[in-house]
Amino acid sequence: MVSDNELDGTEAPLLDHLIELRRRLLYCVLALVLTFIVCFYFAKPIFGILVRPLAEAGQDRLVFTQIFEAFLVQIKVGFFGALMLSFPVIANQLWQFVAPGLYRKEKKALLPFLLATPVLFVMGAALAYFFAIPVALHFLLGLEGDLGGGVKQEALPSVGNYLDFVMQFLFAFGISFLLPVLLMLLERAGIVTYEQLKGAWRYAVVAAFAVAAVLTPPDIGSQLLLAGPLCGLYFLSLVAIWFTRRRREKEAAAEAAAGE
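Residues numbered from 1 in each chain as written. Predicted model: local features only at pLDDT ≥ 70, side-chain atom pairs only at ≥ 80, totals over all residues. Heavy atoms only, no water.

## Some words on the packing of helix α2 (residues 43-50) against helix α4 (residues 69-98)
Logical step 1: Orientation of α2 relative to α4, taken along the N-to-C sense of each, is 85°, at an axis distance of 9 Å. When the axes of α2 and α4 are compared, the pair comes out roughly perpendicular. Of the residues in α4, those in contact with A43, K44, I46 and F47 of α2 are V73, Q74 and V77.
Logical step 2: Considering only residue class, the contact of α2 with α4 consists of five nonpolar, one polar and one charged. (Axes fitted to C-alpha atoms, helices over the stretch in contact; angles between N-to-C directions. Helix = DSSP H or I, 4+ residues; strand = E, 2+ residues; numbered from the N terminus. Parallel < 35°, antiparallel > 145°, perpendicular 65-115°, else oblique. Contact = heavy atoms within 4.5 Å. Nonpolar A, V, L, I, M, F, W, Y, C, P; charged D, E, K, R; others polar.)

## Points about a nonpolar patch on the surface
Logical step 1: A cluster of nonpolar side chains, contributed by L14, L15, L18, I19, L21 and L25, occupies part of the molecular surface with about 580 Å² of accessible area.
Logical step 2: Considering the arrangement of structural elements, one finds L15 in helix α1 (residues 14-41). (Patch = residues over 30% accessible without salt bridge, like charges linked within 9 Å, V, L, I, M, F, W, Y side chains within 5 Å. Areas by Shrake-Rupley, 256 points an atom, 1.4 Å probe, with all protein chains shown as cover. Salt bridge = Lys/Arg side-chain N within 4 Å of Asp/Glu carboxyl O.)

## Focus: the side chain of T35
Logical step 1: Tracing the chain through its elements places T35 in helix α1.
Logical step 2: Those residues in contact with T35 that lie beyond four places of it in its chain are A82, L85 and S86.

## Topic: the layout of surface pockets
Empty space among the atoms can be located by rolling a probe the size of a water molecule over them.
Logical step 1: In this structure, the largest pocket encloses a volume near 700 Å³.
Logical step 2: Lining the largest pocket are 24 residues, with F80, M84, F121, V122 and A125 positioned closest to its centre.
Logical step 3: Of all the secondary-structure elements, those providing two or more residues to the lining of the largest pocket are α2, α4, α5 (104-141) and α6 (159-176).
Logical step 4: Tallied by class, residues from the lining of the largest pocket come to 22 nonpolar, two polar and no charged.
Logical step 5: In this structure, the second largest pocket encloses a volume near 480 Å³.
Logical step 6: K108, A109, R188, T244 and R247 are the residues nearest the centre of the second largest pocket, which is lined by 18 residues in total.
Logical step 7: Mapped by element, the contributors of at least two residues to the lining of the second largest pocket are α5, α7 (179-188) and α10 (220-259).
Logical step 8: Of the residues forming the lining of the second largest pocket, the biggest block, seven residues, is contributed by α5.
Logical step 9: Its residues assigned to classes, the lining of the second largest pocket comprises nine nonpolar, one polar and eight charged. (1 Å grid on protein atoms, 1.4 Å probe; cavity = no way out; pocket = protein on both sides within 12 Å on 5 of 7 lines; lining within 4 Å. Points joined across faces, edges and corners; volume = space filled by probe spheres on them.)

## Examining the pattern of salt bridges
Logical step 1: By the definition in use, this model includes four salt bridges.
Logical step 2: One salt bridge connects R24 with E20, and the closest N-O pair in it is separated by 2.7 Å. In this pair, R24 and E20 are both assigned in helix α1, four residues apart and thus about one turn of the helix distant.
Logical step 3: In this structure E20 comes out as partly exposed when scored by relative accessible area, which is 21%. (Buried < 20%, exposed > 50% of the residue type's maximum accessible area, 1.4 Å probe, protein only.)

## Quick look at the nonpolar core
Logical step 1: If you look at the biggest cluster of nonpolar residues, it comprises 47 residues, and the most contacted ones within it are F47, Y162, F165, F169 and L170.
Logical step 2: Contributions of two or more residues to this core are made by α2, α4, α5, α6, α7, α8 (194-199), α9 (201-215) and α10.
Logical step 3: With eleven residues, the single largest contributor to this core is α5.
Logical step 4: Excluding residues that lie within four positions of it along the chain, F47 makes contacts with L62, V73, V77, V159, Y162 and L163. (Core = buried A, V, L, I, M, F, W, Y, C linked by side-chain atoms within 4.5 Å.)

This is how it looks when you write it as structure tokens:
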């Protein structure tokens, strides 16, 4: 039986919890506002980094067709940058609010997932920026040319559409790379088992290609760049779950032996 002293905090009235939640949310909002101000000030240099794959693909011009489009793009860039920079603060505040109500074993189990989340997201976004986006741009811009009858089609992407395009890739790849965290949390919570995940690997492969087909352009290159890592992450999750389950079984056996 778990003793009460394994909790880091004590039971508190509901009002105290609400006050604590408000305080943590205020910290999160403050971090988001401060980072937004900084990112909005540097919106043009940040957007310059985002358009680098477009320039390397041979496109040297972006247009805006609405009066406020360029300004709204700067706001979006500032907001997306603020989300990235403030995420460690937001995650820490969430952890500080939840952690006092967890047992030590629960904290020990959840903390690695919390630490792995930004690392995996950045890995996925990096894959999108350095590989998937250039491949997709080369395919899409390659559709320029003569349509026949003296008519040519030319790519004139707008700043708003290009930002949405890049953000779709970055977030799609970043969130997809969180698959191991999701699967391990589901297994840890008892919602799925290792045997179920192992038996469903064929469906997982099909689902990975279906997700890649929806989130990427219709060229096979960019689809493989997302579907391949998704399949690899699924099998990596199976290996990690197998090891963590063995460790939990050993710990449980050791505790049972000590209790005897």
